[in-house]
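Remarks on the overall topology
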Amino acid sequence: MDAYPRCRAVANTFRFDAGKGVEYYTSLYTGNRFYHSPTYTTETVVDKVGSGDCFMAGLIYGFYNKQDPQQLLDFATAAAFEKLFIEGDATTKRVDQIYNTMKQ
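Residues numbered from 1 in each chain as written. Predicted model: local features only at pLDDT ≥ 70, side-chain atom pairs only at ≥ 80, totals over all residues. Heavy atoms only, no water.

This paragraph deals with unusual backbone geometry. Not every positive phi belongs to a glycine, and asparagine 32 is a case in point at roughly 60 degrees. One can find asparagine 32 in the loop between strand E2 (21–30) and strand E3 (33–36). For lysine 66, which is not glycine, the phi dihedral falls at a positive 55 degrees. With respect to the element layout, lysine 66 can be found in the loop between helix H1 (51–64) and helix H2 (69–83). (Helix = DSSP H or I, 4+ residues; strand = E, 2+ residues; numbered from the N terminus.)

Turning next to the pairing of E2. Sheet faces and side chains relate simply in a regular strand, where the side chains alternate between the two faces. The buried fraction of E2 is high, at seven of ten residues. With ten bridges connecting them, strand E1 (residues 9–18) and E2 associate as antiparallel partners. When the bridges of E2 are listed, phenylalanine 16 appears paired with glutamate 23. Counted along the chain from E1 to the antiparallel partner E2, the turn is two residues long, and its residue glycine 19 has a positive phi close to 70 degrees. Summarising the sheet, E2 and E3 pair through four bridges and their orientation is antiparallel. Counted as the bridge partner of leucine 28 is tyrosine 35 from E3. (Buried < 20%, exposed > 50% of the residue type's maximum accessible area, 1.4 Å probe, protein only. Pairing = 2+ DSSP bridges.)

This next bit is on the packing of aromatic side chains. Counted according to the given criterion, the structure contains six aromatic pairs. Measuring from centroid to centroid gives 5.1 Å for phenylalanine 14 and tyrosine 25, while their planes differ by 20 degrees, and the two rings are stacked. You can see phenylalanine 14 sitting in strand E1 and its partner tyrosine 25 sitting in strand E2, a full eleven residues away along the chain. Tyrosine 25 gets classed as partly exposed once you look at its relative accessible area, which sits at 25%. Taking 5.0 Å as the distance between ring centres and 45 degrees as the angle between the ring planes, the aromatic pair formed by phenylalanine 75 and tyrosine 99 counts as tilted. Of this pair, phenylalanine 75 sits in helix H2 while tyrosine 99 sits in helix H3 (residues 95–103), placing them 24 residues apart in sequence. Given the relative accessible area of 3%, phenylalanine 75 is considered buried. (Phe/Tyr/Trp six-rings, centres within 6.5 Å; stacked < 30°, edge-to-face > 60°.)

Residue position: valine 10 is located in strand E1. Owing to a relative accessible area of 33%, valine 10 belongs among the partly exposed residues under this scheme. A sequence separation of 49 residues divides valine 10 from leucine 59, and the C-alpha atoms of the two residues are 11 Å apart. With near-sequence residues (within four places) excluded, valine 10 lies in contact with Met1, Ser27, Leu28 and Tyr29. (Contact = heavy atoms within 4.5 Å.)

Put into structure tokens, the structure is as follows:
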């Protein structure tokens, strides 16, 4: 962020493949604070393509709707994780379905 002073947030995704399964979590640095998501795990994955794009879309959704940083990170992470169970490069989940994933 020192190199790009106008940058307000930095986010990372971490997807560790273990055989057929996946361990997935994310982080966000914004407002001089570090946030991390819960860790999601699964033994089966339908398609990994598009999960990073889905994460980014979730971040944009959260920033646009002025969610607090932890809430927007949790939403983006749940959206990306759910994408792993959908074939193709785009999600078919609605916002309410992503919030339900966050509650589980």
